[in-house]
Amino acid sequence: DRFPIINDICSSNKIPIVAVDVPSGWNIDEGPHENDICLNVDILVSLSAPKYCAQKFKGIHYLGGRFMPKKICEKFKLKLPKYPGASQCVRIDS
């Protein structure tokens, strides 16, 4: 465990850990490997579009940044959610 002190303190005190884009220690394509040393996070905030590894994330997941150009979405066949009102993030885990 690369982050044993952080993981222990946060879990014993119920302090949520937030990761931005990809949790520390995760492989960006495959997520955490069995022997990888990773930070245990409760909330993931993906920027622009979820990365492939986010499919393996089991916590609360937000998408932040509603500025993805339409041409990029079409080129990469991205199906991003609509943002309510003027919100800059949207919850996408459920």
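Residues numbered from 1 in each chain as written. Predicted model: local features only at pLDDT ≥ 70, side-chain atom pairs only at ≥ 80, totals over all residues. Heavy atoms only, no water.

Asker: In this structure, what is going on with the pairing of strand β2 (residues 43-47)? I would like to understand it.
Answerer: Looking along a regular strand, one sees the side chains alternate between the two faces of the sheet. When strand β1 (residues 18-20) meets β2, the two strands line up parallel, connected through three bridges. When the bridges of β2 are listed, Ala19 appears paired with Leu44. In the sheet, β2 pairs with strand β3 (residues 60-64) via five bridges, with the strands oriented parallel. Of the residues in β3, the one forming a bridge with Ile43 is Ile60. (Pairing = 2+ DSSP bridges. Helix = DSSP H or I, 4+ residues; strand = E, 2+ residues; numbered from the N terminus.)

Asker: Help me out: how do you make sense of the sheet that holds β1 in this one?
Answerer: Think of a sheet as strands paired side by side through backbone hydrogen bonds, with each pair either parallel or antiparallel. The four strands are arranged β1-β2-β3-β4 in an open sheet whose pairing can be described as mixed. Edge positions in the sheet fall to β1 and β4 (89-91), since each of these pairs with one other strand and no more. With strand direction ignored, the average angle separating the axes of adjacent strands in the sheet is 20 degrees. Across three bridges, the pairing between β3 and β4 is antiparallel. Among the inter-strand pairings, Gly64 is bridged to a residue of β4, identified as Cys89. (Axes fitted to C-alpha atoms, helices over the stretch in contact; angles between N-to-C directions.)

Asker: How should I be thinking about the side chain of Ser48 in this particular structure?
Answerer: By the secondary structure assignment, Ser48 is in the loop between β2 and β3. For Ser48, a relative accessible area of 17% corresponds to the buried category. Excluding residues that lie within four positions of it along the chain, Ser48 makes contacts with Leu63, Gly64, Gly65, Phe67, Met68 and Leu80. (Buried < 20%, exposed > 50% of the residue type's maximum accessible area, 1.4 Å probe, protein only. Contact = heavy atoms within 4.5 Å.)

Asker: Please clarify how the packing of aromatic side chains should be interpreted in this entry.
Answerer: Two descriptors summarise a pair of aromatic rings, namely the distance from one centre to the other and the angle between the planes of the rings. Following the criterion strictly, the structure yields one aromatic pair and no others. Ring geometry for Trp26 and Phe57: centres 6.3 Å apart, planes at 55 degrees, overall tilted. One end of the pair, Trp26, is in the loop between β1 and β2; the other, Phe57, is in the loop between β2 and β3, with 31 residues separating them in the sequence. Grouping residues by exposure puts Trp26 and Phe57 together as buried. (Phe/Tyr/Trp six-rings, centres within 6.5 Å; stacked < 30°, edge-to-face > 60°.)

Asker: Mind showing me how you'd approach the pattern of salt bridges here?
Answerer: One side chain can pair with another of opposite charge once the charged atoms of both are near each other. Under the defined criterion, the tally for this structure stands at two salt bridges. A salt bridge links Asp21 to Lys51; its shortest N-O distance comes to 2.7 Å. Highlighted residues: Asp21 in the loop between β1 and β2 and Lys51 in the loop between β2 and β3, separated in sequence by 30 residues. Of the charged contacts, one joins Arg91 and Asp93 as a salt bridge, the two residues approaching to 2.6 Å between their closest N and O atoms. (Salt bridge = Lys/Arg side-chain N within 4 Å of Asp/Glu carboxyl O.)

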